[in-house]
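Architecture at a glance
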There are 2 protein chains.
Amino acid sequence: MQEITGLELSPKKVEYLKFLFKKGGLVRTTDISSQLQVDPSTSTKTIADLAGTGLVEHIPYRGVRLTEKGQLYAEFLVNRHNILSLMLSHYGLSSEEACAETARFESFVSKAAVDKICSSMGHPQTGVCGKIRHISCGIP
Amino acid sequence: MQEITGLELSPKKVEYLKFLFKKGGLVRTTDISSQLQVDPSTSTKTIADLAGTGLVEHIPYRGVRLTEKGQLYAEFLVNRHNILSLMLSHYGLSSEEACAETARFESFVSKAAVDKICSSMGHPQTGVCGKIRHISCGIP
DNA sequence: CATTAATTTTGGCCATATACCAATTTTATG
DNA sequence: CATAAAATTGGTATATGGCCAAAATTAATG
């Protein structure tokens, strides 16, 4: 039984979660808005949306942090990115190209597909965009 | 110099163009709406949008057809689909899975990336979703 | 050929996702 | 505590995609 489809979040929300994961801990609205290049008011609103999903906890005027559920989900998101970009890098795309390309379409690739790709590649430990952990495949 | 980025059309519009390409000739609004499972009024409006791009010609109450430009573009779209789904099929996805998966993200994959993947695979002639032609790579 | 049926289009309206600006509120700082 | 900085709220905007009801057009049938 699969509880995560990988298609739960919109592209921008995926960016938010990946950033929160990489940053870690309590992250300020301004950090997010400058990183994602949007107005602070935009990030505030998106954060409110995300808080509604239970993936993040928002402490007004203080910051946002991933919940436990969000932590797990974000780990999947980062893994998906790393696996897909590693795959593309096997087809003549440079690391930078693979990373940028993946960023555009990753949010539309299912966990089921990513799991198969990951298995097929032999659960690699390192991608072109960062380390790959395989908790969601049951590999620590 | 590359005139097509592959990112010009929204996902739904890509579906329209691929369908028009596969159907060929003058296609009725009803054909489209039943194929894409949308209300006829929705397809009428999307067709109007597409007509604005010069990719299709709309003859009111008669049907829609690809322009010459649209024909070339749609051929790229179908090729992109076939190349990406073929790629996925190399990672343990069945033809059906690869096809369905690709359908979700293909509109966010650039022509530049597709060209590299295509070259890297040796310009295959057959995919899991259909024949692949390589006119846009300069291979007839 | 005239009426009816089917198809298509229009107009109105709605939802989601993103985004900005201006104004306000809260927190931080000197 | 006064002011600056950060964050939020409220308003508004665009793009995409969608539906329904009504009107227009074309097709079909007696």
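Residues numbered from 1 in each chain as written. Chains lettered and ligands numbered in written order. Predicted model: local features only at pLDDT ≥ 70, side-chain atom pairs only at ≥ 80, totals over all residues. Heavy atoms only, no water.

**With respect to the overall build of chain A**
Secondary structure summary: chain A contains six helices and two strands in total. The order of α-helices and β-strands along chain A, N terminus first, is α-α-α-β-β-α-α-α. Relative to the 2.2 N^0.38 estimate, which gives 14 Å for 140 residues, the radius of gyration of chain A is 15 Å and therefore close to what a compact globule would have. Reported as C-alpha extents along the three principal axes, the dimensions of chain A are approximately 45 × 35 × 20 Å. Within chain A, the proportion of its 140 residues that are buried is 43%. Here the analysis covers contacts within chain A between residues at least 6 apart in sequence; of these, 61% occur between residues at least 24 apart. Accessible surface, chain A: about 6,900 Å² in total, of which carbon and sulfur atoms supply 54%. (Helix = DSSP H or I, 4+ residues; strand = E, 2+ residues; numbered from the N terminus. Rg over C-alpha atoms; globule rule 2.2 N^0.38 Å. Buried < 20%, exposed > 50% of the residue type's maximum accessible area, 1.4 Å probe, protein only. Contact = heavy atoms within 4.5 Å. Areas by Shrake-Rupley, 256 points an atom, 1.4 Å probe, with all protein chains shown as cover.)

**Details of the interface of chain A and chain B**
Taken together, the contact between chain A and chain B spans 19 residues of the former and 19 residues of the latter. For chain A, the biggest contributors to the area lost against chain B are Y91, F108 and K116 of chain A; these three give 37% of the whole. At the boundary of chain A and chain B, one finds two salt bridges. Put simply, K116 of chain B and E97 of chain A hold a salt bridge, and the shortest N to O gap is 2.5 Å. The interface formed by chain A and chain B holds seven residue pairs in polar contact (both at pLDDT 80 or more) in total. Breaking the side of chain A that touches chain B down by element, the ones donating at least two residues are α4 (68-89), α5 (95-105) and α6 (111-120) of chain A. (Buried area = accessible area lost by both parts, 1.4 Å probe. Salt bridge = Lys/Arg side-chain N within 4 Å of Asp/Glu carboxyl O. Polar contact = N/O pair within 3.5 Å; in protein donor to acceptor, adjacent residues only side chain to side chain.)

**Section: the protein's contact with DNA strand C**
Taken together, 21 residues lie around DNA strand C, and S41 and R62 of chain A together with T30, K45 and H58 of chain B are the ones closest in. Counting only atoms of DNA strand C within 4 Å of the protein, the fraction found in sugar and phosphate groups is 71%. One nitrogen or oxygen atom from the side chain of K45 of chain A is found 3.4 Å from a base nitrogen belonging to DNA strand C. Among the elements of the structure, α1 (11-23) and α3 (40-53) of chain A together with α2 (29-35) and α3 (40-53) of chain B are those that each provide at least two residues to the surface near DNA strand C. Of the residues forming the surface near DNA strand C, the biggest block, four residues, is contributed by α3 of chain B. Across the surface near DNA strand C, the residue classes break down as six nonpolar, eight polar and seven charged. (Near = heavy atom within 4 Å. Nonpolar A, V, L, I, M, F, W, Y, C, P; charged D, E, K, R; others polar.)

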